[in-house]
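Working through the structure, step by step
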Amino acid sequence: MKATAIAPSNIAFIKYWGKADEALRLPLNGSLSMNLDATNTVTTVEFSPVLSRDEVTLLDGDFSDKEIERIIKSLNLIRSKTNTYSFARIATKNTFPKGAGAAASASGFAALTVAAFAALGITLSEKELTVFARMGSGSACRSIPDGFVEWKKGNDSDSSYAYSLHPSTYWDLRDVLVIVDYRMKKISTTEGQTGVKTSPFWRDRVAGIPAKMAAIKAALKAKNFRALGRIIEEDCLNMHHVMQTQNPPVYYWNDVTKTIMDSVVGWRKQGLPVYFTIDAGPNVHLVCEAKDEAAVIEKVQTVAGVENIIVNRPAQGTHLIQDHLF
Ligand code: 2P0
């Protein structure tokens, strides 16, 4: 049987950086995100007894050997848990470039997990799917449930899962993704996280997360945009502070990133409610309410060095579609 899934990427408002268990991808802290509708991965999977190896194709580019290895590792895990002995044909495509600061590994492993189980004819609960996706890439578990999502830290594999706090229709926010560099990041997030405990500040950040999670959930519940934005920006800066003080330091920003960060503070002083957040790359996500989207875009267009702007709305979680890629 053939199955195809579409998965959104997600932007973390409270971020995941560092693992308590490398093999299971258990995080050091819980995180919270919003699914993004313009940056998706579509993946088709078919298991077939006639194949003599897994065949993995990226339709809009090339996978490195390391990336293929990681996909096959995920498939092997699914095969071992389901007593499946066939190899699989997999085709996948992104609506955005890999490494562009939109989390391709999040949408990628979410789509792979949902398509693979459907292709095997096995129905898992959403929670179980998030646990499998998490083992492919931590942030992928947050791309499976709908809309605004919490990934619980947990203390073992079954308790470290993601669930929807609010559906995508709950709040008409925008994530204006400002691309300032299309090249792949130099340090992968998996590699960068291995040094987290060399930062003298990681403990402080992790210790502060439960209170921050409670505060951001309250801001979401009350639809208090300014409170939400303040926490988003604060946690972004906290995470990058940890990254930049690791040994060796992991530094993702460039000059345009910093110009935008400064500008956002200035735009707020002028009365425009917009907040920034940045993942493991130089590109900047500007979070605002729908009513301010046009004003934010107008401001961003004045910044030299901006290569592209992608406007995201809150998105549904990962789901099956009938348009197969082969
Ligand atoms: C996040 N990031 O919460 C944070 C913000 C990067 C910065 O989740 O090793 O690619 O595959 O579990 O999920 C990126 O980490 O790492 C990430 P792995 P992942 O979105």
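Residues numbered from 1 in each chain as written. Predicted model: local features only at pLDDT ≥ 70, side-chain atom pairs only at ≥ 80, totals over all residues. Heavy atoms only, no water.

To continue, consider the packing of helix α1 (residues 65-82) against helix α3 (residues 126-136). Packed helices, taken two at a time, are described by their axes: the angle between them and the distance between them. The N-to-C vectors of α1 and α3 enclose an angle of 145°; their axes lie 9 Å apart at closest approach. In this structure, the crossing between α1 and α3 has a hand that is right-handed. Judged by residue contacts, Arg-70, Ser-74, Leu-77, Ile-78 and Lys-81 of α1 engage Phe-132, Met-135 and Gly-136 from α3. Looking at the contact of α1 with α3, its residues break down into four nonpolar, two polar and two charged. (Axes fitted to C-alpha atoms, helices over the stretch in contact; angles between N-to-C directions. Helix = DSSP H or I, 4+ residues; strand = E, 2+ residues; numbered from the N terminus. Left-handed = near helix turned anticlockwise from the far one by under 90°. Contact = heavy atoms within 4.5 Å. Nonpolar A, V, L, I, M, F, W, Y, C, P; charged D, E, K, R; others polar.)

Read across the sheet, four strands follow the order β10-β11-β9-β12 without closing on themselves; strand pairing throughout is antiparallel. Bordering the open sheet on either side are β10 (275-278) and β12 (308-312), each of which pairs with just one other strand. Across the sheet, the mean angle from the axis of one strand to that of its neighbour is 25°, orientation sign disregarded. As defined by bridge partners, β10 adjoins strand β11 (residues 284-289) across four bridges and the pair is classed as antiparallel. The residue bridging Thr-277 from the neighbouring strand is His-285, located in β11. Helix α6 (residues 225-244) rests against β9 (173-179), β10 and β11 of the sheet, and its axis sits at about 30° to β10. Contacts between helix α7 (residues 255-269) and the sheet are confined to β9, β10 and β11, with β10 contributing the most and set at about 160° to the helix. (Pairing = 2+ DSSP bridges.)

This next bit is on the packing of α1 against helix α2 (residues 104-119). Put simply, α1 and α2 touch, their axes get as near as 11 Å, and they point 35° apart. In the crossing of α1 with α2, the sense of the turn from one axis to the other is right-handed. Counting all contacts with α1, which are made through Arg-70, Ile-71, Ser-74, Leu-75, Ile-78 and Thr-82, the residues of α2 involved are Phe-109, Leu-112, Thr-113, Ala-116 and Phe-117. Within the contact of α1 with α2, the residues separate by chemical class into seven nonpolar, three polar and one charged.

Asn-247 connects to Pro-248 through a cis peptide bond whose omega is 0°. Its location among the elements puts Pro-248 in the loop between α6 and α7. Although it is not a glycine, Asn-83 sits at a positive phi angle of roughly 50°. You can see Asn-83 is positioned in the loop between α1 and β6 (87-94).

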